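Topology and contacts: notes
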Amino acid sequence: MKNMRYLLWVGIICLIVLEGCTRSEIIDAGSAVRIVVDVSKSKVQNLSDEAEITEIIPLETVEKSLLRNIDKLYVTDQYILVVDLRKSEIYLFDRDGRFRNKIGIKGRGPKEYIAFDDVQYDERNGLIYTHERMRHRMQSYGTNGKLINEKEYHQWLDSFLKTDDGYWIYTCYNEDVSTRYALQLIDSAFKKVIGQYLPQKCFFTTTFLPRFFQDGQGGDYFAYPYSNIIYRLENGIPEPYLTVDFGEKTLPYEEIKQLKEQSEYEKLVLDKGYLGDLKNMFFCNGKFYFSFSELASGETTLYRAVYDMNTSEVEIYDRYAPFCPSGLQRYAFKKLPLTELLGTDGKSLIYSVYPYNLSEENLRVLTEKVSPEINQEANPLLFFVRQK
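Residues numbered from 1 in each chain as written. Predicted model: local features only at pLDDT ≥ 70, side-chain atom pairs only at ≥ 80, totals over all residues. Heavy atoms only, no water.

**A word on the overall build of the protein**
Across its full length, the protein holds four helices and 27 strands. Looking at the protein as a whole, 50% of its 388 residues are labelled buried. Accessible area for the protein stands at about 20000 Å²; split by element, carbon and sulfur atoms hold 48% of it. (Helix = DSSP H or I, 4+ residues; strand = E, 2+ residues; numbered from the N terminus. Buried < 20%, exposed > 50% of the residue type's maximum accessible area, 1.4 Å probe, protein only. Areas by Shrake-Rupley, 256 points an atom, 1.4 Å probe, with all protein chains shown as cover.)

Take a look at the structure:
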């Protein structure tokens, strides 16, 4: 009996120690750089006079590489990695767009996956990290597409980012705990919670879009949709880096945290004209690009913003003018639809263009200047655009 009591007390002490090692901190956003956004000044974006197309890469169209959508894109000096979450497949192309292989094997057998929910490519280690929400599994693959490691976890998460500190995960609360946090840091073995931040109620509207992004220079970031704050993840701690100020249209996050019922949340937030849900975030050539929209139950306008990190100037766009290059340029397009900004390679912005959206004249330019194999049934093309 004495041994049993001793073991019980040891267990309790261990739990206290583990809980004490978990950081649950209040984050002061006062140190973040403020980006003031006024949507009444939004305008049409016209790249024709201020940018030029420097490169066009057609993604090879073969039976094993047929794309439905590009949800995430990684471009390095060696590879192009395309994540198609609608098909739940990952495709690896070489830097010229030639198809190499798929990542993983879809199925229900051992070492197979059913559906990826988020994907990260770690260029330093040559690893592709994936996760399956419903099966609570995290996988890592090599660029040859073969599974290297698979582990189970017990948190609920919608997106993640693997760093040297461990796994940062978003929306990872369980229904059976009293305190829930939107952002947690878990060790690489998924055994221990290192830190937890941003208290969140279970009735908050979950955004399934990726909330993490990187700047290509070693910087890791997290954008929280309810405070419009972008945190830099450094040394295991989220530090406020940028905050988007929509004035009276800014979500009242401090008030939201105090709500107890979903009906209170919906009454406060929905259809009140609040702006937020930051997404499609990229750094390129001293500028920060991001999208946002109105939080409403129906259709909303998607805005694109460009913040100059040097001058603090902000440009807001709510529409796009077709790209019609002026002067002498390599590609003589007419009314090219450059609207889907996918990412950056650090020097240029990367847009996707689907051939079925192109006019016969623009298709002719592509077949003459880029590849004779381009047709309306082909995979999307990647357009690299650089500001003049």
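**Brief notes about the environment of Gln-139**
Secondary-structure assignment places Gln-139 in strand E11 (residues 137-142). Owing to a relative accessible area of 1%, Gln-139 belongs among the buried residues under this scheme. Along the primary structure Gln-139 and Val-119 are separated by 20 residues, whereas in three dimensions their C-alpha atoms are 9.6 Å apart. In this structure Gln-139 touches Tyr-113, Phe-116, Ile-128, Tyr-129, Thr-130, His-131, Glu-132, Leu-147, Asn-149 and Glu-150, once residues within four positions along its chain are discounted. Side chain to side chain, Gln-139 and Thr-130 meet in a polar contact 2.7 Å long. (Contact = heavy atoms within 4.5 Å. Polar contact = N/O pair within 3.5 Å; in protein donor to acceptor, adjacent residues only side chain to side chain.)

**Some thoughts on helix H3 (residues 262-269)**
Buried residues of H3: Tyr-265, Leu-268 and Val-269, and no others. Buried residues of H3, seen end-on, are gathered within an arc of 80° and therefore sit on one face of the element. Projecting away from the buried face of H3 at angles above 90 degrees are the exposed residues Ser-263 and Lys-267. Buried residues belonging to H3 abut helix H2 (253-256). (Arc of directions from axis to C-beta.)

**What to know about the sheet that holds strand E27 (residues 381-387)**
An order of E4-E27-E26-E25 is seen for the four strands of this open sheet, with the pairing classed as antiparallel. For this open sheet the edge positions go to strand E4 (51-58) and strand E25 (340-344), each flanked by a neighbour on one side alone. Looking at each pair of strands side by side, their axes are set apart by 30° on average, direction ignored. Here seven bridges tie E4 to E27, and the two strands are oriented antiparallel to one another. (Pairing = 2+ DSSP bridges. Axes fitted to C-alpha atoms, helices over the stretch in contact; angles between N-to-C directions.)

**Observations concerning the pairing of strand E18 (residues 220-224)**
Counting buried positions over the five residues of E18 gives five, a clear majority of the element. Burial of E18 is two-sided: the residues Asp-220, Phe-222 and Tyr-224 facing one way and the residues Tyr-221 and Ala-223 facing the other way are all buried. By the bridge criterion, three bridges tie strand E17 (residues 212-214) to E18 in an arrangement that is antiparallel. When the bridges of E18 are listed, Phe-212 appears paired with Phe-222.

**Details of the confidence of the model for the protein**
Mean pLDDT over the protein stands at 85; residues scoring 70 or higher make up 87%. Confidence drops under a pLDDT of 50 for residues 1-20, and excluding neighbours within four residues, the segment shows one contact in the predicted structure. (pLDDT = per-residue confidence, 0-100.)

**Here's the deal with empty space enclosed by the protein**
The rolling of a water-molecule-sized probe over the atoms marks out the regions of remaining empty space. Taken as a whole, this structure holds one cavity of 30 Å³ or more when the rule is applied. By volume, the largest cavity is sized at about 30 Å³. Around the largest cavity, the lining residues are Gln-45, Asn-46, Leu-47, Tyr-320, Ala-321 and Leu-338. (1 Å grid on protein atoms, 1.4 Å probe; cavity = no way out; pocket = protein on both sides within 12 Å on 5 of 7 lines; lining within 4 Å. Points joined across faces, edges and corners; volume = space filled by probe spheres on them.)

**Thoughts on the packing of aromatic side chains**
Taken as a whole and judged by the stated rule, the model has 28 aromatic pairs. Here the aromatic residues Phe-213, Tyr-221, Tyr-241, Phe-246, Phe-283, Phe-288, Phe-290, Phe-292 and Tyr-303 are joined through ring pairs into a cluster of three or more. Above the face of the Tyr-167 ring, Lys-162 is positioned so that its terminal group lies 5.5 Å from the ring centre. (Phe/Tyr/Trp six-rings, centres within 6.5 Å; stacked < 30°, edge-to-face > 60°. Lys NZ or Arg CZ within 6 Å of the ring centre and 35° of its normal.)

**Re the sheet that holds E18**
Adjacent strands of a sheet pair through backbone hydrogen bonds, lying either parallel or antiparallel. Spatially, the five strands line up as an open sheet ordered E2-E20-E19-E18-E17, and their pairing is mixed. Every interior strand has two partners, whereas the edge strands, strand E2 (33-36) and E17, have only one. Neighbouring strand axes in the sheet, compared pairwise and without regard to direction, differ in orientation by 30° on average.

**Let's talk about the pattern of salt bridges**
Counted according to the given criterion, the structure contains 22 salt bridges. With its nearest N and O atoms 3.6 Å apart, the salt bridge here joins Glu-361 to Lys-334. Of this pair, Glu-361 sits in helix H4 (residues 360-369) while Lys-334 sits in the loop between strand E24 (314-320) and E25, and the two are 27 residues apart along the sequence. By relative accessible area, Glu-361 is classed as partly exposed at 35%. (Salt bridge = Lys/Arg side-chain N within 4 Å of Asp/Glu carboxyl O.)

**With respect to H4**
The set of residues buried in H4 consists of Asn-362, Leu-363, Val-365 and Leu-366. Axial view of H4: buried residues confined to an arc of 155°, hence all on one face. Across H4 from its buried face, at more than 90 degrees, point the exposed residues Glu-360 and Glu-368.

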